[in-house]
Every structure is written in structure tokens, then in C-alpha cells.
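# Fold and geometry: a report
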Amino acid sequence: MNDIKLLSVVVPCYNVEGYLSRCLSSLVHQDIDGSAYEVIAVDDGSTDSTGEICDRYAKDYPQVKVVHQANRGVGAARNAGLDLAQGKYLLFVDADDFMVESCFKELLDTAEANLLDVLAYHSVDVYDGSPIPLVSEAPKQDIKVQTGAEYLSENFMQGPVWWLVTKREIIEKERLTFPEGHMLEDSAFTPEVILSAQRMANIGKVCYYYVQRPSSIMHSRDREHLLTLLDDYIFAYKSVDEVIAKHRHKMDESAYTRLASRRDSFLYFGIFRALKSGVAKEFYQHLKNDGLLPLRQLDKREFASKKWNILRLLFNCPALTCGIGKIYGFIR
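Residues numbered from 1 in each chain as written. Predicted model: local features only at pLDDT ≥ 70, side-chain atom pairs only at ≥ 80, totals over all residues. Heavy atoms only, no water.

## What to know about the pattern of salt bridges
Selection criterion: By definition here, a salt bridge exists when the distance from a side-chain nitrogen of Lys or Arg to a carboxyl oxygen of Asp or Glu is within 4 Å. Here a strand is any run of E in DSSP of at least two residues, a helix any run of H or I of at least four, and the numbering for each starts at the N terminus. Exposure categories follow from relative accessible area, calculated using a 1.4 Å probe and restricted to protein chains: below 20% of the type maximum is buried, above 50% is exposed, and the middle band is partly exposed.
Per the stated rule, a full pass over the model turns up 22 salt bridges. The partner of K88 in a salt bridge is E112, and the shortest N-O contact between them spans 2.7 Å. Highlighted residues: K88 in the loop between α3 (74-84) and β4 (89-92) and E112 in helix α4 (residues 104-113), separated in sequence by 24 residues. Residue classification places E112 among the partly exposed residues on the basis of a relative accessible area of 31%. Sharing partners across several salt bridges, the network here consists of R78, D94, E185 and D186.

Pasting the structure below:
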């Protein structure tokens, strides 16, 4: 039996007992031999039965490996999996999401046949309590191989790292890791991976189900959590700004504008979250202290709605925005 792994799938897990079995089942019921890949489930100090579920899958499926560690956050959990990964390619999957079954073979065959550093695919949203959308078989299409910078110039870029199959060599060569102690931890990792790729393509089919759940980290309304998250919007802005500075020489104006707009959007989303959560005044103070006002206009290719121009005008008036926030808080 061949011991060389083609793929390592890293799954950070924290208190996801209601979702994890579906996730892991989608990863072990794939269309390649279990000896060809590994699933590294990192239990990040869960206080529910998440760790037990991981152990059960490791017992039943030899391709599943489990790491138990004290709670250190998603970034640290992904890094722990990254340290153990032996596969030629890497895939990151969030434990509350799941993959389309029988997609690994086509992903790996496409990556191998085209000598790709990065292969992207599509995702579909799934909402708690709603039926899982049917994914129809997409017609095969020609694979367009580009550099990562060329791809970014012509295509929409998703933020999460889970929409990419990445050659592990790229991550090791660039010494890429996830920041620890922060949410939005893949905000800079994803564009860094893309811009480091000499050969990138998109397979043009749905392979990933992205689960939207109110109890997830990104939807928490705890005040202390919210203030930390708002700081992380600024951290994400600065992290992407560093990626832009590092790779600016590779990007044409189209790619630069797209990524700069992605960077700036973190401030928009931060203000919007602060406004809804009653902490707009505090967030604006942080923006002012860091010299991040006024907000820039976002790229119309990805933020086409007129509402973004209206929001820019509104958000560039802190007093008015904070006043609206107080009214919203009173009504709510």
C-alpha cells in the first residue's frame, strides 16, 4: 500500500458536536482510497462531545488523525494541523461545514494534470433548519491556468481559506502560518497563498457546503467578544495591507484594486457590526487612532450595489452613524 499522501485535510474543531459528524462523514466518504489522504481533526479544547466524536472517527477510519490541545483559537488549531500534514496538497475545512462527497478525485486529478499550485472551487450556502441545496453535476470545462496575480485580476476572490486546494510546498516555501489569537485569521492567508501561486485555476464546480449558523463565532453578540472581533477587523485590514505591499509588483491595476477593496471592506463590515451591536463609538475611536478614516470607495466589480456608496458617505460621518446606532439600539 502506498504510504505517500496526496492530500491532507485540516479540520479545526471547537464545540461543534451538532455538526462535526456530518463534516467528518463527508470527508471519509470520498472517491479516493483512504490510504491516499489524511484528515487531521484538531480538537481545540472543546467542552462538549467534539473530542469524543473525533476519536470515534479516528477509531473507525484509519485516514483520520486527532490532535487534542488546550483552547487556543482557530488559527492555532489550523497551525497544529499544518505542522502534522504530510500530503502533497492541503485543504482546510471548517468543522461546521462539509464537502460534497465524491469530489476529491476530480480535484486531485485536475491539480496533478495541470501542475497546479492552487486550485479553487465553488461553494454553496446552507442555512440551519433549511434543506440542503442540491448540487447538480456541472459540465466539464476547460481549465484556465494562470498565475495567482492574473487570476485575482480577472476573478472574484473569496476570503475564507477553505475554497482552495493548495500545494503544501507553496505554504512551506513562503513560511505561511495563521495568526493566533485573532478571528478573521485567514483574511491575509488566502490572498498570500493566491499571490504566491505560479499556476492557479478554478475547477468551476461546487465542492463545499458553507453552513450559516447563528451560534458560530462570527455571529456572537457577547460585548467582550464583539470588541475583540472589531479589533480583529482592523487587524485583518492591516494584515491584507502587508500582503499588498509584499506582492504589489506582481499585480496589475485590476488585481491591486480588487485586493485593496477587499482590505477596505473589513472596515465597512466592522462599522456595520459595531453599529448593530451598540459599540460604534468605541470602534470609530480605534479607526481614528489608527488613521483609517475616511473610508475609501469599494471596487464596483465586487460591491456593485449603490448601497455601498451610500454607506461610505454615511460611515464617513461618525457622529451621524453613532446617532443612528443609538436609535437602532433603542428600537431593538
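Once you've had a look at it, read on.
## Notes on the sheet that holds strand β2 (residues 37-44)
How we decide: Any two strands between which DSSP finds at least two bridges are classified as paired.
Ordered by their spatial adjacency, eight strands build an open sheet running β3-β2-β1-β4-β7-β6-β8-β5, and the pairing between neighbours is mixed. Every interior strand has two partners, whereas the edge strands, β3 (64-69) and β5 (98-99), have only one. With two bridges connecting them, β5 and strand β8 (residues 200-212) associate as antiparallel partners. Considered in β8, the bridge of M99 is made with Y208.

## Digging into the nonpolar core
We count it as follows: We define the nonpolar core as a collection of buried residues of types Ala, Val, Leu, Ile, Met, Phe, Trp, Tyr and Cys that are connected through side-chain atoms lying within 4.5 Å of one another. When checking whether two residues touch, look at their non-hydrogen atoms; a contact exists if any pair is within 4.5 Å.
With 102 residues, the main nonpolar core has L27, M99 and F104 as its most contacted residues. Filtering out sequence-adjacent residues up to four positions away, F104 remains in contact with L7, V9, L27, Q30, D31, I32, Y37, L91 and M99. In this structure, F98, V100, Y209 and V211 belong to the second largest nonpolar core, which totals six residues.

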